[in-house]
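As a plain string of letters, each chain reads:
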Amino acid sequence: MIWSFLQNQILGMKWLNFLIGSVLTGFGLDTNTRIGGSVFFFIYDVLKITILLCVLIFLISYIQSYFPPERSRKILGRFHGIWANCIGALLGTVTPFCSCSSIPLFIGFTSAGLPLGVTFSFLISSPMVDLGSLLLLMSIFGTKVAVIYVVLGLIIAVAGGTWIEHLHMERYVEEFIYQSNSVVNIESPELAFKDRLIYARDQVVSTFKKVFPYILIGVGIGAVIHNWIPEGVVEKVLGDGNPLGVILATVIGIPMYADIFGTIPIAEALLSKGALLGVVLSFMMAVTTLSLPSLIMLRKAVKPKLLGTFIAICTVGIMIVGYFFNFIQPFII
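Quantities reported herein were computed from a predicted structural model and do not represent experimental measurements. (Residues numbered from 1 in each chain as written. Predicted model: local features only at pLDDT ≥ 70, side-chain atom pairs only at ≥ 80, totals over all residues. Heavy atoms only, no water.)

## A look at helix H7 (residues 116-128)
The condition is simple: In this description a helix means any DSSP run of H or I spanning at least four residues, a strand means any run of E spanning at least two, and both kinds are numbered starting from the N terminus. Expected span of a helix: the number of residues minus one, times 1.5 Å. Each residue is placed in one exposure class: buried if its accessible area under a 1.4 Å probe, protein chains only, is under 20% of its type's maximum, exposed if it is over 50%, and partly exposed if it falls in between.
Counted at 1.5 Å a residue, the expected span for H7 with its 13 residues is 18 Å, and the 19 Å between its end C-alpha atoms agrees. Of all the 13 residues making up H7, 13 are buried; the element is thus mostly covered by neighbouring parts of the structure.

## Considering the side chain of Thr50
This is how the line gets drawn: Contacts are assigned to residue pairs with any non-hydrogen atoms lying within 4.5 Å of each other.
By the element assignment, Thr50 lies in helix H3 (residues 34-64). When near neighbours in sequence (up to four residues on either side) are disregarded, Thr50 contacts Phe208 and Phe212.

## Re the nonpolar core
Condition: Nine residue types can take part in a nonpolar core, namely buried Ala, Val, Leu, Ile, Met, Phe, Trp, Tyr and Cys, and a core is a set of them joined through side-chain atoms within 4.5 Å.
Counting 88 residues, the largest nonpolar core has Phe141 and Phe325 as the members making the most contacts within it. No other element matches the 11 residues that helix H17 (residues 304-332) contributes to this core. Not counting residues up to four positions away in its chain, the partners in contact with Phe325 are Val145, Ile148, Tyr149, Leu152, Leu277, Gly278, Leu281 and Ile332. By size, the runner-up hydrophobic cluster in this structure holds 9 residues, among which are Ile87, Leu91, Phe109 and Val118.

## A word on the layout of surface pockets
What counts, and what does not: A pocket here means an open set of points on a 1 Å grid, computed over the protein atoms alone, that has protein on both sides within 12 Å along at least five of seven lines. A cavity is instead a set of points where a 1.4 Å probe fits but cannot get out; residues with an atom within 4 Å of a point line either one. Grid points are joined across faces, edges and corners, and a volume is the space filled by probe spheres set on the points. When residue character is reported, Ala, Val, Leu, Ile, Met, Phe, Trp, Tyr, Cys and Pro are called nonpolar, Asp, Glu, Lys and Arg charged, and the others, Gly included, polar.
Estimates place the volume of the second largest pocket at around 290 Å³. Among the elements that take part in the lining of the second largest pocket, H3 stands out by supplying 6 residues, more than any other. Of the residues in the lining of the second largest pocket, the class split is 4 nonpolar, 8 polar and 4 charged.

## Notes on the packing of aromatic side chains
Going by this rule: The rule is short: rings of Phe, Tyr and Trp, with Trp giving its six-membered ring, pair when the centres are within 6.5 Å, and they are stacked under 30 degrees, edge-to-face over 60, tilted in between.
Applying the stated rule across the entire model yields 9 aromatic pairs. Relative to Phe122, the ring of Phe109 lies with its centre 5.1 Å away and its plane at 80°, an arrangement referred to as edge-to-face. Residue Phe109 is located in helix H6 (residues 99-111), and its partner Phe122 is located in helix H7; the two are separated by 13 residues in the primary sequence. Note on accessibility: Phe109 and Phe122 belong to one class, buried. With centroids separated by 5.6 Å and ring planes inclined at 50°, the aromatic side chains of Phe120 and Phe310 adopt a geometry described as tilted.

## Some words on the environment of Pro213
With respect to the helices and strands, Pro213 occurs in helix H11 (residues 193-228). Judged by its relative accessible area of 40%, Pro213 is partly exposed. In the structure, Pro213 is positioned 49 residues away from Gly262 in sequence and 8.5 Å away in space, judged by C-alpha atoms.

## Overview of the pattern of salt bridges
In plain terms, the rule: Between Lys or Arg on one side and Asp or Glu on the other, a salt bridge is scored when a side-chain nitrogen of the former is within 4 Å of a carboxyl oxygen of the latter.
Taken as a whole and judged by the stated rule, the model has 3 salt bridges. Ionic pairing is found between Asp202 and Arg201, a salt bridge with its closest N-O pair at 3.0 Å. Look at Asp202 and you get partly exposed, because its relative accessible area is 37%.

If you want it as structure tokens, here you go:
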């Protein structure tokens, strides 16, 4: 009973759905029409995602305040082998929300002399499976989907980093990264409780300013899909009838730039129209992990062969996850 309340009313915000529906109906708008449904979808999803965004960023930023780059580097330096990759992937879950924000940390860790495979495990995990992803996915798709998504994302991060380590690709990192020697071995000052709250608040404001336009775009696209595109079209392209749906969704997602807050409404609308779960999640993972701007930034730090290996590992991993979710969808939804 308590978990159901948490799932439906706290994360799913059913109360907000009812409230907005009642207000719009009170103003004489029929939410069962295409226009009315689009307005309802847009207002509800923008408000829901904005509330979740602010709360999640505040909580996760507070946790992040305990893991400044120098402390994270020292934690990673204590482990070796696959355990180091696992810790790198786990640290990625409490770092920034998009791949572009993760790359400066990746560069810092690499220049500090940490194993390349470990830093790539961090780089893959950070945008793909942060704590915000877990809670947002729980709010839309339920606990089972969210937990399996995060576990599989961590497996991709660990496996990808381990493979890059096995290939010994250190020579494909640009020379200036190793020459920068950017490590400063100074203990980070211990923040007081008030300082952590101020840091978390500032992160909310900063991230909200960057993310909100993508929320509006994502929700707008979701509203169009939800209310204007026939269900049969979505089912034909991204449903059971197209075995290449996962590949198509991954390829479409890679050039886009957004984070999970912008892709959630699109994914929600596609799923409601008959798209397979694995297809939807592949699209989300591709957008958040392999966005074109982040790849351009990464190219400044690594040479084409290493960049291509990173893209190939992530792409294959995302597709495997997509087909896996398509297979298990009847058992978890």
